[in-house]
Amino acid sequence: MIVLSVQHEMKLLDFLSTYTDYSKKKIKSLLKFHAITLENGKVLHYDDIVKKGERIVISTEKKETKIGSIEIIYEDENYLVVNKPCGMLTISTDKEKNRTLYHLVREYVHQKEKKEKIFIVHRLDRETSGIVLFAKTEKLKQKLQEDWESVALVREYTAVVSGILEQKEAQLVHYLKENKQHKVYVSSIGNGKKAITSYQVVAEEKNSLLKLSLSTGRKNQIRVQLSYLNHPIIGDLKYGGCKAKRLYLHASKLVIYDPLTKKKHTFTSKTPKEFKQVL
């Protein structure tokens, strides 16, 4: 552990760049995993102002970056954000209890502190990979879930769809319903739950790589709307896509408004390499 005393008020990044041998990239990485804090444990960000007399603590202990093979994107005293792999359930079902993201994350948390709890805030389909957010208190989970549409400021996905889209950028607005077989479809008479998705074509060859942004969070929303355009996601057999190694849909960016600190948190996950291979 390294302890530094602040002599002059300045931005944290400038202070650490001046008084340590760490690069700015390394400092930001340490801050991301909360290896740099005030002496009282307060979490810091690189653009925070540190004042004369404050003491900065740099932990030299190795921080966990994975839960088994699952990448930890971010962790602090309130949040745990992970990169869910394709093919894994977010939570258990009657048929699958143990091989779920929630089960693995709960085991990870209990190994660190038996009394610590973890609460899932939102879900991804089994076939979808990418960012999943957990809260470390029930109060925080409830605050996030009760107004998720407003708290989740940005929800971005990447997808590979069949064919070439005529419109390279558009906003899709449909009304969705669900049948008795639990399959979602676009209502032809305009009733149901309103779903709004914006897309932009990022690359195209025989197929198209899209960046998508959600304004609403309906069940299977992206999959249903793209299928309705006759450009289903590659690997989406449920909604008319061709057979492939996986569903080519990935949750790549999540920006939330933190109801506790009143600040924004931005979490990102790189698009899997295999997405460009099916273009």
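Quick note: structure is the one above.
This structure is a prediction, so every number in the text was calculated from the model and none was measured.

### As for the overall build of the protein chain
Turning to step 1, where the next piece is worked out: Secondary structure assignment for the protein chain yields 7 helices and 17 strands.
Turning to step 2, where the next piece is worked out: Each of the three principal axes of the protein chain carries a C-alpha extent, and together these read 65 × 40 × 35 Å.
Turning to step 3, where the next piece is worked out: Partitioning the intrachain contacts of the protein chain with sequence separation of at least 6 by distance along the chain shows that 60% fall at a separation of at least 24.
Turning to step 4, where the next piece is worked out: Of the roughly 15,900 Å² that the protein chain leaves accessible, carbon and sulfur atoms contribute 47%.
Turning to step 5, where the next piece is worked out: Taken together, the 51 basic and 33 acidic charged side chains of the protein chain have centroids lying 4 Å from each other.

### Let's talk about the side chain of Asp48
Turning to step 1, where the next piece is worked out: Among the structural elements, Asp48 can be located in the loop between β3 (36-38) and β4 (49-50).
Turning to step 2, where the next piece is worked out: Judged by relative accessible area, Asp48 falls into the buried class, the value being 16%.
Turning to step 3, where the next piece is worked out: Engagement of the side chain of Asp48 in a polar contact is seen with the backbone nitrogen of His45, the distance being 2.9 Å.
Turning to step 4, where the next piece is worked out: Ignoring anything within four residues of it in the chain, the contact list for Asp48 reads Met10, Lys11, Leu12, Val43 and Lys263.

### What to know about unusual backbone geometry
In most cases, non-glycine residues show a negative phi, while peptide bonds are predominantly trans.
Turning to step 1, where the next piece is worked out: A positive phi angle, near 55 degrees, is found at Asn220, a position not held by glycine.
Turning to step 2, where the next piece is worked out: With respect to the element layout, Asn220 can be found in the loop between β15 (208-214) and α6 (221-228).
Turning to step 3, where the next piece is worked out: The residue Asn230 is not glycine, and still its phi comes out positive at about 70 degrees.
Turning to step 4, where the next piece is worked out: With respect to the helices and strands, the residue Asn230 is situated in the loop between α6 and β16 (249-257).

### Points about the pattern of salt bridges
Turning to step 1, where the next piece is worked out: In total, this model carries 11 salt bridges according to the counting rule given.
Turning to step 2, where the next piece is worked out: Close ionic contact of Arg55 with Glu39 constitutes a salt bridge, the shortest N to O distance being 3.0 Å. Of this pair, Arg55 sits in strand β5 (residues 55-58) while Glu39 is found in the loop between β3 and β4, placing the two residues 16 residues apart along the sequence.
Turning to step 3, where the next piece is worked out: One salt bridge connects Lys168 with Glu204, and the closest N-O pair in it is separated by 3.0 Å. Of the two residues, Lys168 is situated in the loop between β11 (152-161) and β12 (169-178) and Glu204 in strand β14 (residues 193-204); the sequence distance between them amounts to 36 residues.
Turning to step 4, where the next piece is worked out: Relative accessible area serves as the criterion here: at 36%, Lys168 is assigned to the partly exposed category.
Turning to step 5, where the next piece is worked out: What you see here is one network of salt bridges that share partners, running through Asp125, Glu127, Arg223 and Asp236.

### What about the packing of aromatic side chains?
Turning to step 1, where the next piece is worked out: Enumeration over the complete set of coordinates arrives at 3 aromatic pairs.
Turning to step 2, where the next piece is worked out: Aromatic side chains Phe15 and Tyr19 sit 5.0 Å apart centroid to centroid with 40 degrees between the ring planes, which places their arrangement in the tilted category. Here Tyr19 and Phe15 lie together in helix α1 (residues 12-19), a separation of 4 residues that amounts to about one turn.
Turning to step 3, where the next piece is worked out: Centroid distance Tyr74 to Phe267: 5.3 Å. Interplanar angle 50 degrees. Geometry classified as tilted.

### With respect to the sheet that holds β5
Turning to step 1, where the next piece is worked out: What the 3 strands build is an open sheet, ordered β1-β5-β3; its pairing is antiparallel. Of all strands in the sheet, those with a lone pairing partner are β1 (2-5) and β3, marking the two edges. Here the average twist between neighbouring strands, direction ignored, is 25 degrees.
Turning to step 2, where the next piece is worked out: In terms of strand pairing, β3 meets β5 through 3 bridges, oriented antiparallel. In the strand pairing of β5, Ile36 is matched with Ile58.

### Things to note about the environment of Glu127
Turning to step 1, where the next piece is worked out: Looking at the secondary structure, you find Glu127 in the loop between β9 (119-120) and β10 (129-135).
Turning to step 2, where the next piece is worked out: The exposure class assigned to Glu127 is partly exposed, which follows from its relative accessible area of 33%.
Turning to step 3, where the next piece is worked out: Between the alpha carbons of Glu127 and Leu247 there is a distance of 5.7 Å; along the sequence they are 120 residues apart.
Turning to step 4, where the next piece is worked out: Residues in contact with Glu127, not counting those within four places in the same chain, are Cys86, Gly87, Arg223, Arg246 and Leu247.

### Looking at the state of the cysteines
Disulfide: a covalent bond connecting the sulfur atoms of a pair of cysteines.
Turning to step 1, where the next piece is worked out: Tallied over the full model, the rule gives 0 disulfides.
Turning to step 2, where the next piece is worked out: Of the cysteine sulfurs around Cys86, a residue in no disulfide, the closest is that of Cys242, at 14 Å.
Turning to step 3, where the next piece is worked out: According to the relative accessible area criterion, Cys86 is partly exposed, its value standing at 31%.

### A few points about the pairing of strand β7 (residues 70-75)
Turning to step 1, where the next piece is worked out: Burial analysis of β7 places 5 of its 6 residues in the buried class, which makes it a mostly covered element.
Turning to step 2, where the next piece is worked out: For strand β6 (residues 66-67) and β7, the ladder comprises 2 bridges, and the chain directions are antiparallel. Across the sheet, Lys66 pairs through a bridge with Glu71, a residue of β7.
Turning to step 3, where the next piece is worked out: Connecting β6 to the antiparallel partner β7 that follows it, the hairpin turn spans 2 residues, and Gly68 within it adopts a positive phi of roughly 65 degrees.
Turning to step 4, where the next piece is worked out: Inspection of the sheet shows β7 paired to strand β8 (residues 79-84) by 4 bridges, in the antiparallel sense. Bridge pairing in β8 links Tyr74 to Val81.
Turning to step 5, where the next piece is worked out: Hairpin connection of β7 to β8: 3 residues between the antiparallel strands.

Quick notes on the rules
Residues numbered from 1 in each chain as written. Predicted model: local features only at pLDDT ≥ 70, side-chain atom pairs only at ≥ 80, totals over all residues. Heavy atoms only, no water. Helix = DSSP H or I, 4+ residues; strand = E, 2+ residues; numbered from the N terminus. Contact = heavy atoms within 4.5 Å. Areas by Shrake-Rupley, 256 points an atom, 1.4 Å probe, with all protein chains shown as cover. Lys, Arg positive; Asp, Glu negative; His and termini not counted. Charge placed at Lys NZ, Arg CZ, Asp CG, Glu CD. Buried < 20%, exposed > 50% of the residue type's maximum accessible area, 1.4 Å probe, protein only. Polar contact = N/O pair within 3.5 Å; in protein donor to acceptor, adjacent residues only side chain to side chain. Salt bridge = Lys/Arg side-chain N within 4 Å of Asp/Glu carboxyl O. Phe/Tyr/Trp six-rings, centres within 6.5 Å; stacked < 30°, edge-to-face > 60°. Pairing = 2+ DSSP bridges. Axes fitted to C-alpha atoms, helices over the stretch in contact; angles between N-to-C directions. Disulfide = S-S within 2.5 Å.

No statement about biological role is implied by the geometric values presented.
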